[in-house]
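In case you want the letters, here they are:
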Amino acid sequence: EIEAKYTKKMQVLRDELDLRKKTEIYEVEERKNGHISELMRNHEKAFNDMKNYYNDITVKNLALISLLKEQVEEMRKKEVHLEKEKADVLLQNKQLKEPLQQAQEQVFELQKKLARYDKDKEALMNTKARLKVTQKELKDLQWEHEVLEQRFSKVQAERDELYQKFTKAINEVQQKTGFKNLLLERKLKGLLSVLEKKEVELSEVFAASNLDPGALSLVSHKLEDVLNSKNTTIKDLQFQLARVCKAHNDMLQTFEAKLTAFGIPLDNLGFKPLASPVLGQ
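A quick note: this is a predicted structure, and the numbers were derived from the prediction, not measured. All residue numbers here refer to positions counted from 1 along the written sequence of the relevant chain. Note on the predicted model: pLDDT of at least 70 is required for a residue's local features to be given, and 80 or more for side-chain atom pairs to be given and counted; whole-chain, interface and lining totals, by contrast, use all residues. Hydrogens are left out, water is left out, and the side-chain values use all remaining heavy atoms of the structure.

**Structural notes on the overall build of the protein**
Inclusion rule: Only DSSP runs of H or I covering at least 4 residues are called helices, and only runs of E covering at least 2 are called strands; the numbering of each starts at the N terminus. The classification of residues rests on relative accessible area computed with a 1.4 Å probe and restricted to protein chains. Under 20% of the type maximum is buried, over 50% is exposed, and intermediate values are partly exposed. Note on contacts: a residue pair qualifies if any of its non-hydrogen atoms lie within 4.5 Å across the two residues. Methods summary: accessible areas were calculated by the Shrake-Rupley approach with a probe of 1.4 Å, and residue burial reflects only the protein chains presented.
Each helix and strand counted, the protein has 2 helices and 0 strands in total. Expressed as a percentage of its 281 residues, the buried residues of the protein come to 8%. Across the protein, the fraction of contacts at a sequence separation of at least 24, relative to all contacts at a separation of at least 6, is 81%. Total accessible area on the protein is roughly 24,600 Å²; 59% of this is exposed by carbon and sulfur atoms.

This is the structure we're talking about:
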């Protein structure tokens, strides 16, 4: 009974499991079929889209090819036309080459002239600036010239006055110094002649008199004292003469320096100032 009972339960369980298995298999097949149908629809849609896409591309490419063919034909026509124009242009270029060279040379010359013009323009501006400065300097120099002319007139008047004074002074000094020199020279010559005469007379007296040596020595000493005194006087006179001559010559040098400073040549004096010779030179 137990075996029959469990056999029956096993059969019932088997039937339930078979039914569940069949149900699950049916559900799986249904899901699989639905998935396959969906995939087929999606693939069909994708294929149609791709087909339409490539059909559009093909149509567009065909239109583009047709357009490009037309453009190529037009380009060929343009190329032929351009080749013809090129030949004409080359011919014109060949014809215009010589005028172009001449024009280039003219342009080069004009550029040189332009450079010289710019340089001359700059030089002109600099010259104008220097001219303004020079004009200002000229005005200053003219003013200084007028001032110097006035000063020159004043100095010229002073020069003429000094010239007259110097001429008068030099004449007076020459007369005075010449007269003094003449007196001193005559006095000196007279003293020298007197001295020589006295010496001769003294020699004759010594020769004529028979004086003893002591008296002769005394007389000689006195005579030497007198001669020393006379020699001292002669030296003083010579010193005075030399001093006067030097003062005269110094005055002449000063006079000549003043004349040179005032621009008066010595030849315009009418006479030539003479320097007095210093004794012993």
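Here the narrative resumes.
**Concerning the packing of aromatic side chains**
Convention followed: Aromatic contacts are taken between Phe, Tyr and Trp rings whose centres are within 6.5 Å, Trp giving its six-membered ring; a plane angle under 30 degrees counts as stacked, one over 60 as edge-to-face, and the others as tilted. For a lysine, the NZ atom is tested; for an arginine, the CZ atom; a charge sits over a ring if that atom is within 6 Å of the ring centre and within 35 degrees of the ring normal.
For the structure on display, the rule yields 1 aromatic pair. On the numbers, 5.3 Å between centres and 75° between planes, the contact of Tyr53 with Tyr54 is edge-to-face. We classify Tyr54 as partly exposed; its relative accessible area is 47%. One Lys or Arg, Lys9, reaches over the ring of Tyr6 and ends 5.2 Å from the middle of that ring.

**What about the pattern of salt bridges?**
A side chain with one charge can pair with a side chain of the opposite charge if their charged atoms come near. Convention followed: The salt bridge criterion pairs a side-chain nitrogen of Lys or Arg with a carboxyl oxygen of Asp or Glu, the two atoms within 4 Å.
Enumeration over the complete set of coordinates arrives at 2 salt bridges. The salt bridge partner of Lys136 is Asp140, with a shortest N-O separation of 3.5 Å. Placement of both Lys136 and Asp140 in helix α1 (residues 2-208) is noted, with a separation of 4 residues, approximately one turn of the helix. Among the residues examined, Asp140 registers a relative accessible area of 35% and is labelled partly exposed. Close ionic contact of Asp250 with Lys246 constitutes a salt bridge, the shortest N to O distance being 3.0 Å. Here the residue Asp250 and the residue Lys246 both occupy positions in helix α2 (residues 213-261), the gap between them amounting to 4 residues, near one helical turn. Judged by relative accessible area, which is 32%, Asp250 ranks as partly exposed.

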